[in-house]
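A closer look at the structure
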Amino acid sequence: MPASNSDIAKVFDEIADLLEILDENAFRIRAYRNAARLIEGLGVSAGQMLAKGEDLTELPGIGKDLAGKIREIVETGTCAAREELRKKLPATITTLLKIPGLGPKRVQTLYRRLDISTPEQLYAAVKDGKVRELPGFGEKTEAALLQALGRRAPADARFPLAVAAQYGEPLRAYLAKIPGVNDAVIAGSYRRSRETVGDLDLLVTAKDSATVMDRFCEYPHVADVKSKGDTRATVVLANGLQVDLRVVPRTSFGAALYYFTGSKNHNVAVRRIAQQRKLKINEYGVFRGKRRVAGETEQSVFKAVRLPFIAPELRENRGELEAAQAGTLPTLVALDDLRGDLNVSPRDLEAELETFVEAARQRTMRYLAITLPARHMKPAQLQQSLAAIDRANEARRGLVLLKAVAVDIAENGELDAGNIALDDFDIVTGAVNSAFDLPRAKQTRRVLRALEHPRFTLFAHPTGRLLNRREPCDLDVPRVIRAARERKCFLELNSQPERLDLPDVYCRVAREEGALIAINSGAQRAAELEHLRYGLGQARRGWLGAKNVVNTRTVADLRALLQATRL
DNA sequence: GCCGTTTTCGGCCCGACTGTTTTCAGTCG
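Being a predicted model, the structure only gives us computed values, none of them experimental. (Residues numbered from 1 in each chain as written. Chains lettered and ligands numbered in written order. Predicted model: local features only at pLDDT ≥ 70, side-chain atom pairs only at ≥ 80, totals over all residues. Heavy atoms only, no water.)

1. Focus: the sheet that holds strand 5 (residues 222-228)
Rules: Whether two strands pair depends on DSSP finding at least two bridges between them. Secondary structure is summarised from DSSP: a helix means a run of H or I of at least four residues, a strand means a run of E of at least two, and numbering begins at the N terminus for each. Axis definition: a line fitted to C-alpha atoms, limited for helices to the stretch in contact. Angles are taken between N-to-C directions and run from 0 to 180 degrees. When checking whether two residues touch, look at their non-hydrogen atoms; a contact exists if any pair is within 4.5 Å.
Spatial ordering of the open sheet is given by 2-4-7-6-5, a layout of five strands whose pairing is mixed. Each edge of the sheet is formed by a strand with only one pairing partner; in this case those strands are strand 2 (181-186) and strand 5. Averaged over all adjacent pairs, the angle separating strand axes in this sheet is 20°, with direction ignored. Sitting on the sheet, helix 12 (residues 253-261) is in contact with strand 2, strand 4 (199-206) and strand 7 (242-248), with an inclination near 175° to strand 4.

2. Things to note about the protein's contact with DNA strand B
This is how the line gets drawn: It suffices for a single heavy atom of a residue to lie within 4 Å of a molecule or strand for the residue to be listed as near it. As used in this structure description, the phrase polar contact means that two N or O atoms lie within 3.5 Å; if the pair is within protein, one of them must be able to donate a hydrogen and the other to accept it, and residues adjacent in sequence are counted only when both atoms belong to side chains. In the scheme used here, Gly and all other residues not listed as nonpolar or charged are polar, with Ala, Val, Leu, Ile, Met, Phe, Trp, Tyr, Cys and Pro taken as nonpolar and Asp, Glu, Lys and Arg as charged.
Around DNA strand B there are 50 residues in total, and Arg30, Gly63, Gly138, Lys228 and Arg271 lie nearest to it. Considering the 4 Å shell around the protein, atoms of DNA strand B inside it are sugar or phosphate in 75% of instances. Gly103 has a polar backbone atom sitting 2.7 Å from a phosphate oxygen of DNA strand B. Between a phosphate oxygen of DNA strand B and a main-chain N or O atom of Lys105, the distance comes to 3.2 Å. Only helix 2 (26-40), helix 4 (64-76), helix 6 (104-114), helix 8 (139-151), strand 5, strand 7, helix 13 (264-276) and strand 8 (280-282) provide two or more residues apiece to the surface near DNA strand B. The class makeup of the residues in the surface near DNA strand B is 15 nonpolar, 14 polar and 21 charged.

3. Structural notes on the sheet that holds strand 10 (residues 291-294)
Within the open sheet, the three strands sit side by side as 8-9-10. Their pairing is antiparallel. With partners counted over all chains shown, the strands left at the sheet margins are strand 8 and strand 10, one partner each. Adjacent strand axes in the sheet meet at a mean angle of 40°, parallel and antiparallel pairs treated alike. Bridge count between strand 9 (residues 285-288) and strand 10: three bridges; the pairing is antiparallel. Considered in strand 10, the bridge of Val286 is made with Ala294.

4. Some remarks on helix 18 (residues 440-451)
Our working rule: Take the number of residues in a helix, subtract one, and multiply by 1.5 Å to get its expected span. Note on classification: 1.4 Å probe, protein chains only; a residue is buried when its accessible area is under 20% of the maximum for its type, exposed when over 50%, partly exposed between these limits.
The first and last C-alpha atoms of helix 18 sit 17 Å apart over twelve residues, in line with the 16 Å expected at 1.5 Å per residue. For helix 18, the complete set of buried residues consists of Gln443, Thr444, Arg446, Val447, Leu448, Ala450 and Leu451. Looking at the buried residues of helix 18, the elements they touch are strand 13 (400-409), strand 14 (415-416), strand 16 (458-459) and helix 19 (477-487).

5. What about unusual backbone geometry?
For the peptide bond that leads from Gly262 to Ser263, omega is -5°, which places it in the cis range. As for its position among the elements, Ser263 is in the loop between helix 12 and helix 13. The phi dihedral of Leu500 is positive, around 45°, even though this residue is not glycine. Along the chain, Leu500 turns up in the loop between strand 17 (490-494) and helix 20 (504-513).

6. Description of the domain arrangement of chain A
In plain terms, the rule: An automatic or database domain assignment supplies the residue ranges for each domain. Buried area is calculated as the accessible area (1.4 Å probe) missing from two parts once they are joined, with the contributions of both summed.
Domain annotation of chain A identifies domain 1 (5-150), domain 2 (159-247), domain 3 (253-326) and domain 4 (335-564). For domain 2 and domain 4, the distance between their C-alpha centres works out to 36 Å. The partner domain 4 presents ten residues to the ten residues of domain 2 that form the contact. Here domain 2 meets domain 4 over a buried area of about 810 Å², counting both sides, of which 56% is carbon and sulfur. Ranking the residues of domain 2 by area buried against domain 4 places Ala162, Ser193 and Glu195 at the top, with a combined share of 51%.

7. Details of the pairing of strand 17
Short version of the rule: By the criterion used throughout, a crossover qualifies as right-handed when its path from the first strand across the helix to the second strand runs clockwise, the strands pointing away from the viewer.
Counting buried positions along strand 17 yields five of five residues, so the element is predominantly enclosed. Of the two faces of strand 17, the one lined by Phe490, Glu492 and Asn494 and the one lined by Leu491 and Leu493 are each fully buried. Bridge count between strand 16 and strand 17: two bridges; the pairing is parallel. Counted as the bridge partner of Phe459 is Leu491 from strand 17. Between the parallel elements strand 16 and strand 17, the chain passes through helix 19 in a crossover that is right-handed. On the question of chirality, the crossover connecting strand 17 to the parallel strand 18 (residues 516-520) by way of helix 20 is right-handed.

See the structure below:
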């Protein structure tokens, strides 16, 4: 079983953690961390790249040494460097780094002085009053540790984007209404449309920061104020979501927005470019020596470092800076580009069809594919539904309703359509809805076989993941993407907030392979068409332009593409 | 550990807040 990209990233992160506790060169540590992030976001598996004989040192931040270690991990599942480090320090010690307030220095102190390498040992030592005696520790640190250890909540719980929006948008509106506040925006990974966010980064411009800080900490849903200074504060909401607020003067808005949107790796890379131009970037502006040359708007910051504007969704240091410098940044698909939705399934068709039609029209859509669930419908029911769609189409109000049917892909790759005539439908939407945990080879074979069906149109929610609930299937997604392209079928990017499936890294693979993506809401209620914005965010993170997305086409073009899927 | 129109050495992004300290290290983002 060859190591996956996330296995490789885990090894590199562990090496970085251990080196940090050993107080090794900080830049060496960063090289491991950067490599971990790079590998995670690669889309294609490093193992396959190696198998194809590709040169990993061409990846940014990967040199001879790291390329060798990647090969070693792919082949053996581990690498000698990690094993050596584990001889110097207990492997469990990295779990201590996850405890808030503990960094490498304090962890090292705990280990050297008290031989502590697990949270349990730490808890016992705190109870014995031993920890407060250590240099760099005191009563407050001890109390904070006790609280953190008692919480037992995993520190790496992330919030789906839609959940973060539910809490973040009202808070943003609350801040915007404070007298003296000019701008109030949510930056960070939220603005980059990451599928989940670890915390919310709010940015406010105001003359009087003290008032804003006070009102922020008084916000009704705040459960705990973790820190509060003149221009920066951190709180935790009752649901556990951490929110950071930063207040800057209006003239620094663009620089601060850019800075707090990140990602960290993107910022570091941009600063390096700025440095080459003898410029310094921080959250207050762009500086040449002491003189401020930009900062009021994000555009001014880009202009100062002679780069074109880079959309927030691209700012991950995954090649966007090279593309920007080469003038090859993609024009990303926008919400207005979407002319339809190829997968909506009203729960009660007769009752809700009109609501859907109206909601779609308001979004200036031209078509909706109404998806009927094959497995839960009796033939009579089905005919009734199809008739209802026909009637709605006859009424003709600038919106075309297409007929789609959802079929399960059986474990052997056959389409489980019961006795339904697939020819009655414009679109046949296949999905894996069972046996999610098949081994990679079997799961891949299953899907490839389904794609071979002469009526197959759309592969829905391809990885089957549910954020925080179900891991993606072990599927060779790049291979499925290639098969879909050859077969002229579409892959869905399902916009349901807990799915966001296809994930961004695979969108990018689809773009490179030339496969078409359908950004669908998967809505069961008309209001859920709103979810398209989350799917769109994921698509943009995957560098998709309008031409990569099938539902940006006109009805006529779509019909032609649908015809081409039929074998 | 990586990288190069400052190129094989010597750099590598930058600032706020807290707590433990009497001027700053550690952590965090």
